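What the coordinates show
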Amino acid sequence: MPRFLKSGKARDGSDGQEERCGWMILGVVVILNGRYAGKKAVIGSKERGYGHAIVAGVERYPLKITKNMGKKRVAKRSKVKPFIKIVNYNHVMPTRYGLELETLKSAVTLDSFKEPSQREEAKKAIKKLFEERYNSGKNKWFFTKLRF
């Protein structure tokens, strides 16, 4: 078990899965392996009994915007392409950041992985949430590409 995962009981005495692993739901993580390596994601839920989390992340980040760009160009460059995935805890790195998106929990569930059409609907809902958050100017770090 990696060092940053804390096992044992939660502070309030409950034995909940999200508290046992030491990670918060809606906490920002960085995907380490696979197709989305280096991309930022949010832990949506931890419905599985073992060390996995359902994450929603940014596959394609919004582009840079300058003040002399028109509304049409700004709208086109402000688009976000999301992804959803079930990821093992060993393949994500937690960060100190979090997102306050309570509606994300309902959009990303284990049921959204049963059929491709449900998965696409979940992605559309997440895309809408992420774009609203980006356009409001909150959580700028989440919507910037990692430089490494």
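Higher on the page you've got the structure.
Residues numbered from 1 in each chain as written. Predicted model: local features only at pLDDT ≥ 70, side-chain atom pairs only at ≥ 80, totals over all residues. Heavy atoms only, no water.

This part takes up the pattern of salt bridges. Taken as a whole, this structure holds five salt bridges when the rule is applied. Across the pair lysine 123 and glutamate 120 runs a salt bridge whose closest N-O atoms are separated by 3.9 Å. Linking lysine 123 with glutamate 120, this pair stays in helix α4 (residues 116-136), spanning three residues, or about one helical turn. The class of lysine 123 is partly exposed, set by a relative accessible area of 24%. (Salt bridge = Lys/Arg side-chain N within 4 Å of Asp/Glu carboxyl O. Helix = DSSP H or I, 4+ residues; strand = E, 2+ residues; numbered from the N terminus. Buried < 20%, exposed > 50% of the residue type's maximum accessible area, 1.4 Å probe, protein only.)

What follows concerns the sheet that holds strand β4 (residues 81-88). For sheets, the rule is that strands pair by backbone hydrogen bonds, running either parallel or antiparallel. If you walk across this open sheet you meet the five strands as β4-β3-β2-β1-β5, and the pairing is antiparallel. Every other strand in the sheet has two partners, leaving β4 and β5 (92-98) as the edge strands with one partner each. Averaged over all adjacent pairs, the angle separating strand axes in this sheet is 40°, with direction ignored. Here strand β3 (residues 52-60) pairs with β4 via eight bridges, running antiparallel. Bridge pairing links isoleucine 54 to isoleucine 86 in β4. (Pairing = 2+ DSSP bridges. Axes fitted to C-alpha atoms, helices over the stretch in contact; angles between N-to-C directions.)

Right, let's get into the packing of aromatic side chains. Taken as a whole and assessed by the stated rule, the structure comprises six aromatic pairs. When the centroid spacing of 4.3 Å and the interplanar angle of 20° are considered together, the rings of tyrosine 97 and tryptophan 141 count as stacked. With tyrosine 97 in strand β5 and tryptophan 141 in the segment after α4, the pair connects residues that are 44 residues apart, well separated along the chain. Taking the relative accessible area as the measure of exposure, tyrosine 97 reaches 30% and is therefore partly exposed. When the ring of tyrosine 134 is compared with that of phenylalanine 143, the centres are 5.5 Å apart and the planes differ by 70°; the resulting orientation is edge-to-face. The exposure class of tyrosine 134 is partly exposed, given its relative accessible area of 23%. On the basis of relative accessible area, phenylalanine 143 is assigned to the buried category, the value being 3%. Members of the aromatic cluster, joined through ring pairs, are Phe130, Tyr134, Phe142 and Phe143. When the ring centre of tryptophan 141 is taken as reference, the NZ or CZ atom of lysine 40 above it lies at 3.9 Å. (Phe/Tyr/Trp six-rings, centres within 6.5 Å; stacked < 30°, edge-to-face > 60°. Lys NZ or Arg CZ within 6 Å of the ring centre and 35° of its normal.)

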